[in-house]
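Results of the structural survey
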Amino acid sequence: MATIQIIKKSDDNNECWYNECVGQNFKVIEEPKFTGAHKNSIIVQTPSNHDGWVWSGDYKVVND
């Protein structure tokens with residue numbers, strides 16, 4: 001799976017887990033095939049080894 005980098009805080013949630021992680025890289029563990037506003041959202045392994053959503057537009061792929 002790809003590795004992504006958080007490039008901005010979430011617009012949706014001030015409590016979002018990755019708002020403190022801008023600039024950090026995370027390994028993608030799932031790429032759900034959503035439609036609509038969150039169609040490119042992904043699931044990564046968080047620093048506490050949980051599954052965490054990253055919304056479309058808040059990350060960039062740094063390698064595949």
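Rules of the game
- Residues numbered from 1 in each chain as written.
- Predicted model: local features only at pLDDT ≥ 70, side-chain atom pairs only at ≥ 80, totals over all residues.
- Heavy atoms only, no water.
- Helix = DSSP H or I, 4+ residues; strand = E, 2+ residues; numbered from the N terminus.
- Rg over C-alpha atoms; globule rule 2.2 N^0.38 Å.
- Contact = heavy atoms within 4.5 Å.
- Areas by Shrake-Rupley, 256 points an atom, 1.4 Å probe, with all protein chains shown as cover.
- Salt bridge = Lys/Arg side-chain N within 4 Å of Asp/Glu carboxyl O.
- Phe/Tyr/Trp six-rings, centres within 6.5 Å; stacked < 30°, edge-to-face > 60°.
- Buried < 20%, exposed > 50% of the residue type's maximum accessible area, 1.4 Å probe, protein only.
- Core = buried A, V, L, I, M, F, W, Y, C linked by side-chain atoms within 4.5 Å.
- Pairing = 2+ DSSP bridges.
- Axes fitted to C-alpha atoms, helices over the stretch in contact; angles between N-to-C directions.

Re the overall build of the protein chain
Counting secondary structure elements, the protein chain contains zero helices and five strands. Taking 64 residues into account, the globule formula puts the C-alpha radius of gyration at 11 Å, and the protein chain, at 11 Å, falls close to it. If one aligns the C-alpha atoms of the protein chain with their principal axes, the spans along those axes are about 25 × 25 × 20 Å. The long-range share in the protein chain, meaning contacts at least 24 apart out of those at least 6 apart in sequence, stands at 44%. Total accessible area on the protein chain stands at roughly 4200 Å², and carbon and sulfur atoms take up 46% of it.

Quick notes on the pattern of salt bridges
Following the criterion strictly, the structure yields two salt bridges and no others. Three or more residues are tied together by salt bridges with common partners; here these are K8, D11 and D58.

Quick look at the packing of aromatic side chains
In total, this model carries four aromatic pairs according to the counting rule given. Ring centres of W17 and Y18 lie 5.5 Å apart, and the angle between their planes is 80°; this geometry places the pair in the edge-to-face category. With 6.2 Å between their ring centres and 10° between their planes, W53 and W55 make a pair best called stacked. Judged by its relative accessible area of 24%, W55 falls in the partly exposed class.

What about the environment of V54?
One can find V54 in strand β4 (residues 51-54). Classification of V54 as buried rests on a relative accessible area of 0%. Taking the C-alpha atoms as reference points, V54 and V28, 26 residues apart in sequence, are found 9.6 Å from one another. Not counting residues up to four positions away in its chain, the partners in contact with V54 are I6, W17, Y18, S41, I42, V44 and Y59.

Structural notes on the nonpolar core
Within the largest apolar cluster, 12 residues are counted, these being A2, I4, I6, C16, Y18, C21, F26, V28, I42, V44, V54 and Y59. Looking at this core, the elements that each hand over two or more residues are β1 (3-6), β2 (25-30) and β3 (42-45).

So, the sheet that holds β1
An order of β4-β3-β2-β1-β5 is seen for the five strands of this open sheet, with the pairing classed as antiparallel. Only two strands of the sheet have a single neighbouring strand rather than two, namely β4 and β5 (59-63). Shown here is a sheet whose adjacent strand axes are inclined to one another by a mean of 50°, direction ignored. The pairing of β3 with β4 spans four bridges and is antiparallel. For I42, the partnering residue across the bridge sits in β4 and is V54.

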